[in-house]
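Chain and residue survey
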Amino acid sequence: MGLEPNEKSKRTEHGQNGVVNGREEHEEALVALVEHRTREVKNLRYYISYYTIQLEEAERRLQESKSKLALLRGQTSARSSEVETKHVKTDHGSKNALSHKSEPSSKNHHQSNPHLLVPVVSSKISQSIPLPPSPPHTSVTKSSAVGLMIGSTVKSAKSHGVYNEQEDIEIKERGNKRKFGQEEHEELIALICKSSSPRSVDYQMSSHFSSQHKRRVRCIALCPVNDQRFATSALDGVVNLWEVHSSGSGVSLLRTTDCISPKQRRWPEDIAWHPGGNRLFSVHSADGQDSQISVTDLSGVQGGGRAHVNFLEDKPHVKGVINSIVFLPWENTSFVTGGTDHAVIMWNENGENKWKPTLLHRNSHSSAVMGVAGMHQKQIVLSAGKDKRILGYDVDVGIPDFVHQVDSKCLSVLPNPCDFNLFMVQTGTHERQLRLFDIRSKGIELHVFGWKQESSDSQSALINQAWSPSGLYITSGSADPTIHIFDIRYNGHKPSQSIEAHQKRVFRAMWLHSVPFLVSISSDLNIGLHKVV
C-alpha cells in the first residue's frame, strides 16, 4: 500500500532534518572538546612557565650563595696577604687629584689592590610567585613570566694578568672564536628605581698620563680578550695601543699606528676590536670615494713589528661621516656601521680580512644615524638617529621590529652587558640625557638620568657612556671635566656621584673587568686611570 505524495515529502524532510541535527550536535560536541583541550593546553603551559621560574630562581639563589662564598674566601685571603705599597705616576701632581663630590672625606691610599667588586645587589628583596590558578582561562606568556623574576648576582671577573707573547699566540690561534664576558641573562630591569638612595662606588685614587696624541683624543676601546689592553684614536689619525699594569701603577704604550685614510686624509671616527682581540677596525668617511673601513693587525705586538693597516675595498656608505662601528654579539662574526647618509650596513666575515657588506636600511631614518648596536638574545640591530628615532631592525625577518620616537635627538645606544632586554640611549636633552628601555616594552621609558652642564649649552655626540661589569652602573663623560656615575637602582634622576677627573671635557670613562680601575679620555690630551672598588 503506497504512501501519499505529501506524506513521502514529509518523511524525506524529517530524514534530512535528522541528518542536519546530528551533524550540528556532532559539531557542537567537537567545538566543546576543542575548547576543553585548548584550556587544558593553556593550563599546562602555565604550569610549565611557573615551574620554569621556580627552577631559574633556585639556580639563581644557588649561584648567589656560591658568589658570596667565593667573595668571603677572597676577602679572607686578601686580609691575610701583605699590603703592597703603590707608587702612582702623575703628570700634573695634585692638580689632577680627583675631588669626590658625594664623599668629600679622603680615602686611605695605602690599601691592597683588590679585584673590581661592584656593590652586591641586596638579596633581601621580597619575592612572590603565585600558585597556579584554577580558572581555565588563565595563561602566562613567556615575557610576563620572565618579568616575575627578581634578583641578580655580580659576576666575578676573570683575572687576565699581564699580556705576554704566549697570549699573543693564543689570540692569533683563536681566530674567530667569540669571547664575551657575559654569556647568561640576568634580570636587572626589576631592580630599576627600587632604591630611594643611590649606592656609590668606592673611589680611592687617580693618576694621569699623556695620551701621546698630538690632537684631541676621539675614541677609546677595550680589548675583548684582555681588557688591560685598550686602544685610543685621535684627530691626528693615529691609533695608540696601551696596556694597564696589573698593579695599576701606570700604563705602557705598546704601539703607535698611522690609520689616516689614503685619499681624504680622514682620521678614525670610531673604533672597534675584532672579537678575537687581534685586529682593530676603524671607520672613516664616505666622501670623495675614500676608503671607509680600515683594519689594523695587532697580532704581533710583542715582537715590536710594524702594524699592518688594510683598507677594505667595499664602500657601501654613499656620503658623509661614518659615525659608529660595533661588532655584534652573535655566533657568526659580523659588525654594523651607521652614518650620516642615514644608512645602517651589516658586514659579514667572508674569509680572512674579507668582509661582505649588506644594506639593512637607508630610509628608516630621516637624518644621520649616530649609534648602532646589536641585542644579545635575538638578532635585532639597534640604531639611534638625530631624527629622534630609535629603531630595532630584525635581521632574520628583514624588516624593522619597532620604532620608538623620543623628544630629542639620539646620539648613541648601548645594550646592558647582563640584562639582554635592557638598553640605554643617549639624547640631547639637558638633565635627561640617558634613557633606559626594555626591548619588550614598545617604547616605554623605564627611567631617565641626566646632569647639568656648566661649560656648554649643547650635548656633544662625542660624549659617550659605558656600563659597569655588573650592569648596575653607568659612567658618562660630560662637557665639564667630570665623570658622572649613575646607579640604575636609584629612583632619582641625578648622578649617584660625580668625580672631577680631568682639566677639560671628558669624552668617556670605561670599566676594566680584570683590575679595579676606570680608564678615561679627555680633550686635555691625558688618559686618566681611576681606582674604584
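Here the structure is a predicted model, which means the values were calculated and not measured. (Residues numbered from 1 in each chain as written. Predicted model: local features only at pLDDT ≥ 70, side-chain atom pairs only at ≥ 80, totals over all residues. Heavy atoms only, no water.)

**Description of a negative patch on the surface**
Definition in use: What makes a patch is a set of residues exposed beyond 30% relative accessible area and free of salt bridges, joined within 9 Å when like-charged and within 5 Å when nonpolar (Val, Leu, Ile, Met, Phe, Trp, Tyr). To measure how exposed things are, a 1.4 Å probe is used in the Shrake-Rupley method; for residues, cover is taken only from the protein chains shown. Note on definitions: salt bridges are taken to be side-chain nitrogens of Lys or Arg within 4 Å of carboxyl oxygens of Asp or Glu. Asp and Glu count as negative and Lys and Arg as positive, but His and the ends of the chain are not part of the count. Where a charge lies is defined by one atom per residue type: Lys uses NZ, Arg uses CZ, Asp uses CG and Glu uses CD. Runs of E in the DSSP output that reach at least two residues are strands. Runs of H or I that reach at least four are helices, and both are numbered from the N terminus. Burial classification: accessible surface area is computed with a 1.4 Å probe over protein chains only, and a residue below 20% of its type maximum counts as buried, one above 50% as exposed, and the rest as partly exposed.
Where like charges cluster on the molecular surface, the negative patch consists of E24, E25, E27 and E28. Mapped onto the elements, E28 comes out in helix α1 (residues 5-80). The exposed category is assigned to E28, whose relative accessible area is 55%.

**Things to note about the side chain of H365**
The test is simple: Polar contacts, as counted here, are pairs of nitrogen or oxygen atoms within 3.5 Å of one another; within protein the pair requires one atom able to donate a hydrogen and one able to accept it, and residues that are adjacent in sequence qualify only if both atoms are side-chain atoms.
Topologically, H365 is positioned in the loop between β13 (355-361) and β14 (369-374). Given the relative accessible area of 2%, H365 is considered buried. A polar atom in the side chain of H365 sits 3.1 Å from the side chain of D387.

**Notes on the sheet that holds strand β17 (residues 399-405)**
We count it as follows: Strands are labelled as partners when DSSP assigns at least two bridges between them. Helix axes are fitted to C-alpha atoms over the stretch in contact, other axes to C-alpha atoms as well, and angles between N-to-C directions run from 0 to 180 degrees.
The four strands are arranged β14-β15-β16-β17 in an open sheet whose pairing can be described as antiparallel. Sheet topology places β14 and β17 at the edges, where each strand pairs with a single neighbour. Going across the sheet, the axis of each strand differs from the next one's by a mean of 20°, ignoring polarity. Across five bridges, β14 lies against strand β15 (residues 380-385) in antiparallel orientation. Note on β15: the bridge partner recorded for V372 is S383.

**Focus on the side chain of S249**
Turning to its location among the elements, S249 is positioned in the loop between β4 (238-244) and β5 (251-258). Judged by relative accessible area, which is 19%, S249 ranks as buried. A polar contact of 2.9 Å, which involves the side chain of S249, links it to the side chain of S247.

**Notes on the packing of aromatic side chains**
The test is simple: Pairs were defined over the aromatic rings of Phe, Tyr and Trp, the Trp ring being its six-membered one, requiring ring centres within 6.5 Å. Orientation was assigned from the angle between planes: stacked under 30 degrees, edge-to-face over 60, tilted for the rest. Either the NZ atom of lysine or the CZ atom of arginine qualifies as a charge over a ring when it sits within 6 Å of the ring centre and within 35 degrees of the ring normal.
Counted according to the given criterion, the structure contains twelve aromatic pairs. Where F327 meets F335, the ring centres are 5.2 Å apart and the plane angle is 50°; that geometry is what we call tilted. Look at F327 and you get buried, because its relative accessible area is 11%. Residue class for F335 comes out buried when judged on its relative accessible area of 0%. An aromatic cluster is defined as three or more aromatic residues linked by ring pairs; in this entry it consists of F281, F327, F335, W347 and W355. For the cation-ring pair, R266 lies above W267, with the distance from its terminal atom to the ring centre recorded as 4.6 Å.

**Some points on the environment of A466**
The cut-off we apply is this: Only heavy atoms enter the contact rule, under which two residues are in contact if any of them lie within 4.5 Å.
Inspection of the secondary structure assignment puts A466 in strand β22 (residues 465-467). As a C-alpha pair, A466 and R508 span 42 residues in sequence and 7.6 Å in three-dimensional space. Other than its neighbours up to four places away in sequence, A466 contacts L414, Y473, I474, T475, R508, A509, M510 and W511.

**Let's talk about the nonpolar core**
Selection criterion: As used in this record, nonpolar core signifies buried Ala, Val, Leu, Ile, Met, Phe, Trp, Tyr and Cys residues forming a set joined through side-chain atoms within 4.5 Å.
One finds F230, L436, W467, I474, I488 and V519 to be the most contacted residues of the largest nonpolar core, which totals 49 residues. If near-sequence neighbours (up to four positions away) are discounted, I474 is found in contact with M424, L434, L436, Q465, A466, W467, H484, I485, F486 and I488.

**A short note on the environment of T257**
With respect to the helices and strands, T257 occurs in strand β5. In this structure T257 touches G237, V238, V239, T296, A307 and V309, once residues within four positions along its chain are discounted.

**Focus on the pairing of strand β21 (residues 445-449)**
Across four bridges, the pairing between strand β20 (residues 434-438) and β21 is antiparallel. Opposite R435, over in β21, you have V448 as the bridge partner. The antiparallel pairing of β20 with β21 creates a hairpin that spans six residues between the two strands, and K442 there sits at a positive phi of about 60°.

**Considerations on the confidence of the model for the chain**
Atom-level detail of predicted coordinates should not be read off regions where pLDDT is low. Applied cut-off: The predictor's confidence in any single residue is recorded as pLDDT, a number from 0 to 100.
Here the chain averages 79 in pLDDT, and 73% of its residues register 70 or above. Every residue in residues 80-181 scores below 50 in pLDDT, and together they form 218 contacts with partners more than four places removed in sequence or on other chains.

**With respect to the sheet that holds β5**
Across the sheet, four strands lie side by side as β2-β3-β4-β5; this open sheet has antiparallel pairing. At either margin of the open sheet sits one strand with a lone partner, and together these are β2 (217-222) and β5. Direction aside, neighbouring strands of the sheet carry axes that sit 20° apart on average. Where β2 lies against strand β3 (residues 229-234), five bridges are found, and the strand directions are antiparallel. Note that in β3 the partner of V217 across the bridge is A234.

**A short note on the pattern of salt bridges**
For the structure on display, the rule yields eleven salt bridges. The partner of E269 in a salt bridge is R218, and the shortest N-O contact between them spans 3.0 Å. Residue E269 is located in the loop between β5 and β6 (270-273), and its partner R218 is located in strand β2; the two are separated by 51 residues in the primary sequence. By relative accessible area, which is 8% here, E269 ends up buried. A salt bridge links D387 to R389; its shortest N-O distance comes to 3.9 Å. For D387, a relative accessible area of 10% translates into the label buried. Because the salt bridges share partners, they merge into one network encompassing D407, R432, R435 and E445.

**Remarks on the pairing of strand β28 (residues 526-532)**
Most of β28 is tucked away, with seven of its seven residues classed as buried. Alternating residues of β28 divide into N526, G528, H530 and V532 and I527, L529 and K531, and every residue in both groups is buried. Relative to β28, strand β1 (residues 203-210) runs antiparallel, the two sharing seven bridges. The residue bridging S207 from the neighbouring strand is L529, located in β28. In terms of strand pairing, strand β27 (residues 517-522) meets β28 through five bridges, oriented antiparallel. Note on β28: the bridge partner recorded for V519 is L529. The hairpin turn running from β27 into β28, its antiparallel successor, is three residues long, and L525 in that turn takes a positive phi close to 70°.

**Considering the environment of K504**
Relative to the helices and strands, K504 resides in the loop between β25 (497-500) and β26 (506-511). As for K504 and I521, which are separated by 17 residues in sequence, their C-alpha atoms are 10.0 Å apart. Excluding anything up to four places from it in sequence, K504 contacts D480, P481, S522, S523 and D524.

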